[in-house]
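Structural description and commentary
One letter stands for each residue in the lines below.
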Amino acid sequence: MFHSQCLPVYAVSLLPRNLRQTEALRTMPSDLTRGADFEQLALPLFASLYNHAFWLTRNQAEAEDLVQETFSKALRAFDAFQSDTNFKAWIFRILRNTFLTTRAGIAASRTVFLEDHPDTLETTASGPTPEENLIRLDNQAALHAALEQLKPSLREVLLLCDVEEIKYKDIALILDVPIGTVMSRISRARSTLRQLLQQQLGESL
Amino acid sequence: MTQPTQLNQFTEHLNPDTLNAFIDGELPPTNQQEIERHLTNCHACTLRVLSATRLKAATARAGHRFAPAPDALARLIVQLRSQQTQTKDQPQTKNPARIYSIRPAAWAALAAAILLTISLLGWRQLHQTNTLAAELLDQHLATLSSGATPQVISTDRHTVKPWFQGRLPFSFNLPDTTALPPDTTLKGADLTYLDGQPAALLLFTIHKHEVSIFLTQRATGPTLTTVPSTRAGFTLQTATTPDLRIIAVSDVNPTDLDLLVASLVHAQSPA
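Just so it is clear, the structure is predicted and the values come from calculations on it, not from any experiment. (Residues numbered from 1 in each chain as written. Chains lettered and ligands numbered in written order. Predicted model: local features only at pLDDT ≥ 70, side-chain atom pairs only at ≥ 80, totals over all residues. Heavy atoms only, no water.)

For chain B, the helix and strand inventory stands at eight helices and seven strands. Counting the 271 residues in chain B, one finds 44% classified as buried. Within chain B, counting contacts between residues at least 6 apart in sequence, those at least 24 apart form 61% of the total. Summed over its atoms, the accessible surface of chain B is roughly 13900 Å², and 57% of this surface lies on carbon and sulfur atoms. (Helix = DSSP H or I, 4+ residues; strand = E, 2+ residues; numbered from the N terminus. Buried < 20%, exposed > 50% of the residue type's maximum accessible area, 1.4 Å probe, protein only. Contact = heavy atoms within 4.5 Å. Areas by Shrake-Rupley, 256 points an atom, 1.4 Å probe, with all protein chains shown as cover.)

Assigned secondary structure in chain A consists of 12 helices and zero strands. Starting at the N terminus, the α and β elements of chain A follow one another as α-α-α-α-α-α-α-α-α-α-α-α. Going through the 205 residues of chain A one by one, you find that 48% of them count as buried. Surface summary for chain A: the accessible area is close to 10300 Å², and the carbon and sulfur share equals 57%.

Turning next to the packing of aromatic side chains. Residues and elements named next belong to chain A. Enumeration over the complete set of coordinates arrives at 15 aromatic pairs over all chains. Ring plane angle 80° and centroid distance 6.2 Å describe the contact between Phe38 and Phe87, whose orientation is recorded as edge-to-face. Highlighted residues: Phe38 in helix 3 (residues 27-42) and Phe87 in helix 6 (residues 87-100), separated in sequence by 49 residues. Members of the aromatic cluster, each reached through a chain of ring pairs, are Phe38, Phe46, Phe71, Phe78, Phe81, Phe87 and Trp90. Across the ring face of Phe78, the terminal group of Arg34 is positioned such that the distance to the ring centre comes to 4.5 Å. (Phe/Tyr/Trp six-rings, centres within 6.5 Å; stacked < 30°, edge-to-face > 60°. Lys NZ or Arg CZ within 6 Å of the ring centre and 35° of its normal.)

To continue, consider the sheet that holds strand 3 (residues 197-206) of chain B. All names here are of chain B. Spatially, seven strands are ordered 1-2-3-4-7-6-5 in an open sheet, and the strand pairing comes out antiparallel. Two strands close off the open sheet at either side, each with one partner strand: strand 1 (152-153) and strand 5 (230-231). Direction of pairing for strand 3 relative to strand 4 (residues 209-217): antiparallel, over a ladder of seven bridges. Opposite Phe204, over in strand 4, you have Val211 as the bridge partner. Along the sheet, helix 7 (residues 157-164) makes contact with strand 1, strand 2 (184-194) and strand 3, crossing strand 2 at roughly 10°. (Pairing = 2+ DSSP bridges. Axes fitted to C-alpha atoms, helices over the stretch in contact; angles between N-to-C directions.)

Next up on the list: the pattern of salt bridges. All names here are of chain A. Evaluation of the coordinates by the stated rule reveals 17 salt bridges over all chains. The closest approach of N and O atoms between Asp79 and Arg34, which form a salt bridge, is 3.0 Å. Pair noted here: Asp79 is in the loop between helix 5 (60-77) and helix 6 and Arg34 is in helix 3, with a separation of 45 residues, a long-range link. Here Asp79 falls in the partly exposed class, since its relative accessible area comes to 44%. (Salt bridge = Lys/Arg side-chain N within 4 Å of Asp/Glu carboxyl O.)

Here we take up unusual backbone geometry. Residues and elements named next belong to chain B. One non-glycine residue, His207, lies in the positive phi region at around 45°. Looking at the element boundaries, His207 is found in the loop between strand 3 and strand 4. Positive phi, close to 70°, is recorded for Lys208, a residue that is not glycine. By the secondary structure assignment, Lys208 is in the loop between strand 3 and strand 4.

On to helix 12 (residues 179-201) of chain A, then. Taking 1.5 Å per residue, 23 residues should reach 33 Å; helix 12 of chain A reaches 33 Å between its end C-alpha atoms and fits that length. Of all 23 residues in helix 12 of chain A, 17 are buried, a share of seventy percent or more. (Expected span 1.5 Å × (residues − 1).)

Residues and elements named next belong to chain A. With respect to the helices and strands, the residue Ile166 is situated in the loop between helix 10 (152-163) and helix 11 (168-175). Counting along the chain gives 80 residues from Ile166 to Asn86, while the straight-line C-alpha distance between them is 9.4 Å. Once residues lying within four places of it in the same chain are set aside, the contact partners of Ile166 are Lys88, Phe92, Leu160, Cys161, Ile171 and Ile174.

The subject of this paragraph is the confidence of the model for chain A. For chain A, the average pLDDT comes to 76, and 67% of its residues sit at 70 or higher. Across chain A, element-level confidence peaks in helix 11 of chain A with a mean pLDDT of 95 and bottoms out in helix 1 (residues 2-14) of chain A with 37. (pLDDT = per-residue confidence, 0-100.)

Our focus in this paragraph is the nonpolar core. Across soluble globular proteins, nonpolar side chains have a tendency to be buried as a group. The biggest cluster of nonpolar side chains holds 74 residues, and the ones touching the most others in it are Phe38, Phe71, Phe87 and Ile91 of chain A. Beyond its immediate sequence surroundings of up to four residues, Ile91 of chain A is in contact with Ala42, Leu45, Leu49, Thr70 and Ala74 of chain A. Of all hydrophobic cores here, the second largest spans 27 residues; its members include Trp163, Phe170, Ile206 and Leu215 of chain B. (Core = buried A, V, L, I, M, F, W, Y, C linked by side-chain atoms within 4.5 Å.)

Bringing helix 2 (residues 29-41) of chain B into the picture now. Since the α-helix packs 3.6 residues into each turn, any two residues three or four apart lie on the same face. Residues and elements named next belong to chain B. Its 13 residues give helix 2 an end-to-end C-alpha distance of 19 Å, which sits within 8% of 18 Å, the value for a rise of 1.5 Å per residue. Every buried residue of helix 2 is listed here: Asn31, Gln32, Glu34, Ile35, His38 and Leu39. End-on view of helix 2: buried residues confined to an arc of 160°, all on one side of the axis. In helix 2, the exposed residues that point more than 90 degrees away from the buried face are Pro29, Thr30 and Thr40. Each element contacted by the buried residues of helix 2 is listed here: helix 1 (16-23) and helix 3 (43-63). (Arc of directions from axis to C-beta.)

What follows is about the confidence of the model for chain B. All names here are of chain B. In this model, chain B carries a mean pLDDT of 79, and residues with pLDDT of at least 70 account for 77%. By mean pLDDT, helix 5 (residues 97-118) is the weakest element of chain B at 62, and helix 1 is the strongest at 93. Confidence drops under a pLDDT of 50 for residues 1-6, and excluding neighbours within four residues, the segment shows 13 contacts in the predicted structure. Note on residues 91-100: pLDDT under 50 across the span, and eight contacts to partners over four residues away in sequence or across chains. Across the whole predicted complex the pTM is 0.52, and at the interface the ipTM reaches 0.75.

So, on to empty space enclosed by the protein. Residues and elements named next belong to chain B. Within the structure shown, the criterion is met by four cavities of 30 Å³ or more. Considered as a void within the structure, the largest cavity measures approximately 60 Å³ in volume. If you go around the largest cavity, the residues you meet are Thr155, Arg157, Leu174, Pro175, Asp176, Thr177, Leu180, Leu186 and Phe204. Of the residues belonging to the lining of the largest cavity, the class tally is five nonpolar, two polar and two charged. (1 Å grid on protein atoms, 1.4 Å probe; cavity = no way out; pocket = protein on both sides within 12 Å on 5 of 7 lines; lining within 4 Å. Points joined across faces, edges and corners; volume = space filled by probe spheres on them. Nonpolar A, V, L, I, M, F, W, Y, C, P; charged D, E, K, R; others polar.)

Bringing the environment of Val211 of chain B into the picture now. All names here are of chain B. With respect to the element layout, Val211 can be found in strand 4. Along the primary structure Val211 and Ser250 are separated by 39 residues, whereas in three dimensions their C-alpha atoms are 4.7 Å apart. Excluding its chain neighbours within four sequence positions, the residues that come into contact with Val211 are His140, Leu202, Leu203, Phe204, Ile206, Val249, Ser250, Val252, Leu257 and Leu260.

Set out below in structure tokens:
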């Protein structure tokens, strides 16, 4: 269906060009390659975006809708994408902003990011680190449960950092916060995660 | 990033932010080396780094948890391509209005794609019914224009029928002039394509009303779709024989059209 519509344009553009053809077709092949460029960059991120969308929405249908809308918006805005920016960060930012306009997203954004306020941050807490922690940290079931309990804003930053392996400066771009906030949220998220694991696995952690 | 610069290798332990930045590979090389030197001398910090690295790796595994449905990617691609087609079809590519006009179309296409996965057959029938009716009408209207002359202009069935031999993968019979309803004349015939299949187009007149009769092979046809009985003021009349599907399009009154279709059906049955 789509190929039958796309192919003739390619076919014509391969013909020796006279001026009129060049005039008429100038934008079309570049639009097509632009679309192809977009797909090449975006489609490999589908599974990651879906996983992240599911963590945000906690619902399969909503996650899928969110990803669809993200791709759709990203394609439309792709002309504005600067090739020197990180595409993954760019599209994750669109995903997040799209989520924030949904009902669930609006509700989530109402929970103020208290952990960003310096006075509530335990910056000095280093936490106990006995050797046996190392073994227990691999307990996947416990970790799943702990991630579920983590505040969405803390979970989000950890997922971007640990799961998606996005750099702090790009996380700052996605979350639209200063890089220092990214760092403190990551610290906060990991120490909270540790505490949650501790509650589950006894006091040894 | 924060300032791990004045880290005293022997007395000052890593603060949590520095430790995290270290395991995330976010520190500039000089700070990174500084911390590595500290770790060679500090057992407690080494354990914390090791523990944090383990937690990071475990989080990565636990966080990568939700896989999309197997067909979700295909649906997405359908949506994207239709969106691109929409964009391409807009003549003024820099017109800001385009942004708003693409969206409903893209979502409509997505809805179509979802329908497709829910019920391929049902969707196909619905789709084909509409496009087939449109196609029939288009072709009929094309025959009405004065410039369109059929490839075979003949009132003689003995001329028209053989012309199709070798041009169509099936054959059919034409009723004798006497077997046609009153004031009904064969004008000519054309080879055409309907719904992607070769078809014989027979042109008749009934009381000076033009009639297009499309004959297609029934066996190769997809599931029989029902064509609406009227479209844009034209009557669409469908009949089938064991081998053929006959569709008539005309603005003549339906009763006369029925008679012509019936005579064609009758001509197919072995004498």
